Amino acid sequence: MTPRSADRARYDKATAHLDAPVAIVDLEAFDANAGDLVRRAGGKPVRVASKSVRCRALLERVLAMDGFAGIMSFTLDESIWLARAGFDDVLLAYPSADRAGFAELAADPKLAAAVTVMVDDPEQLELIDASRAGGTEEIRLCLELDTALHLLGGRVRVGARRSPLREPARLADMARSIARRPGFRLVGLMAYEGHVAGVGDAVAGSPVRSRAVRLMQRAARKELAARRAAVVRAVRAVEPGLEFVNGGGTGSVQHTAAEDAVTEIAAGSGLYAPRLFDNYTSFTARPAALFAQPVVRRPGVGAVTVLGGGYPASGAAGRDRLPVPWLPEGLRYDPQEGAGEVQTPLLGPPADDLLIGDKVWFRHAKAGELCERFDTLHLVEGDRVTGTAPTYRGEGRTFL
């Protein structure tokens, strides 16, 4: 029996009393992945990216482990909800235009102390001030550094279009504008190198592309390390009390942690280990979050149809954004239909051994987006479900 077939046997046994569709988190794999992130961080604390987890119980579980500290959130509404639930260190990773949320933040000293918001433009400060509605609490701020690699004199850009702040002088200018403005305090700096942390460098069947990615990432790490250090020096010259410098992501933990300028690492997807994180040379994680769809049809030899399953991930559309049929091993999509909204045909020899009502297990392309499809995660230990945890959706919260 292969490790994957052993996992299938465990998951089928654990969920035999549950009808599919159903989502699980294998706690042994989850905890092992958490330990690996801490190991790779080399002593620097790991801030958990909540968008990659989207389950309060599992956020609490990982933050109770040594080596983890704080949450990186994705909306202001979510940040406030988490802070009111008792999480006392929440960094909002994206700028917000939530006026009601800023009014709530400015009016509550406990919230204002727990939540740090992201800015990269003076107009964002104007929006926050205009939203205070009489609230006078000091708002904690973090600046975001653009990490993209520019080649050929800037004519070629590799990396996400995020912050407009790139050079040390510009970030220092923004820091000075914050220092001159009452009601704000600059406490952090963030730089997410998604083109390193979120792009696999060992794509199956693509050796030339994989080598090109590795060369790009090596150049990007070198350029960013030097520029990030210069930015931190420039910003600290304006705000010596800077509390943290956040960087990294699941795919670049050990590289980013090696930079002296970085004080903490951000990661989250590595806990669930979705399919997009299979293609890395720098680490190997265990699939921890899966979902099952039931077989409802047997349309012919070598084919079954499962209910639903069309759960594409965000990003540029492509086959890599689809969930991957994982268990039993050897199933694939019908290229004429793909993953469907209400039914999904699957092809391959294992189909002939599947009966109506059997489960086919899938892995989502991304991590937390799975939780937008399910209201409950069944927590598996060995071959038993030992608990359940509501997702954000299960708690009635859909933030985006």
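Residues numbered from 1 in each chain as written. Predicted model: local features only at pLDDT ≥ 70, side-chain atom pairs only at ≥ 80, totals over all residues. Heavy atoms only, no water.

Novice: Is there a simple way to think about the UniProt feature "domain: Alanine racemase N-terminal" (unreviewed entry) in the chain in this case?
Specialist: Following the UniProt record, the feature "domain: Alanine racemase N-terminal" (unreviewed entry) maps to residues 25-272 here. Between the end C-alpha atoms of residues 25-272 the distance is 8 Å, and the span holds 46% helix and 19% strand. (UniProt positions renumbered as here; feature names shortened; annotations may be inferred. Helix = DSSP H or I, 4+ residues; strand = E, 2+ residues; numbered from the N terminus.)

Novice: What should I look at first to understand the packing of helix 4 (residues 76-84) against helix 5 (residues 99-107) in this one?
Specialist: The angle between the axes and the distance between the axes are what describe a pair of packed helices. One can describe the packing of helix 4 onto helix 5 by two numbers: an axis separation of 9 Å at closest approach and a directional angle of 35°. Where helix 4 crosses over helix 5, the two elements pack in a sense that is left-handed. Every residue of helix 5 that contacts helix 4 at Leu76, Ile80 and Arg84 is listed here: Gly101, Phe102, Glu104 and Leu105. (Axes fitted to C-alpha atoms, helices over the stretch in contact; angles between N-to-C directions. Left-handed = near helix turned anticlockwise from the far one by under 90°. Contact = heavy atoms within 4.5 Å.)

Novice: Honestly, unusual backbone geometry in this entry has me stumped. Any pointers?
Specialist: Residues other than glycine predominantly adopt negative phi, and peptide bonds predominantly adopt the trans conformation. Here Ala20 and Pro21 are connected by a cis peptide whose omega angle stands at 5°. Assignment of secondary structure puts Pro21 in the loop between helix 1 (3-14) and strand 1 (22-26). Put simply, Leu327 and Pro328 share a cis peptide bond, and its omega is 0°. Relative to the elements of secondary structure, Pro328 occurs in the loop between strand 14 (324-327) and strand 15 (332-333).

Novice: Which parts of the structure should I look at to understand the sheet that holds strand 3 (residues 68-73)?
Specialist: The strand order around the closed barrel formed by eight strands is 2-3-4-5-6-9-10-11, and the pairing between neighbours is parallel. On average, each strand axis in the sheet is inclined to that of its neighbour by 30°, with strand direction left out of account. Two elements, strand 3 and strand 4 (residues 90-92), share three bridges in a ladder whose sense is parallel. Within the sheet, the bridge partner assigned to Met72 lies in strand 4 and is Leu91. In the packing of helix 7 (residues 122-130) onto the sheet, contacts are made with strand 5 (115-119), strand 6 (139-144) and strand 9 (184-191), and the angle to strand 5 comes to roughly 135°. Along the sheet, helix 8 (residues 168-179) makes contact with strand 5, strand 6 and strand 9, crossing strand 6 at roughly 170°. (Pairing = 2+ DSSP bridges.)

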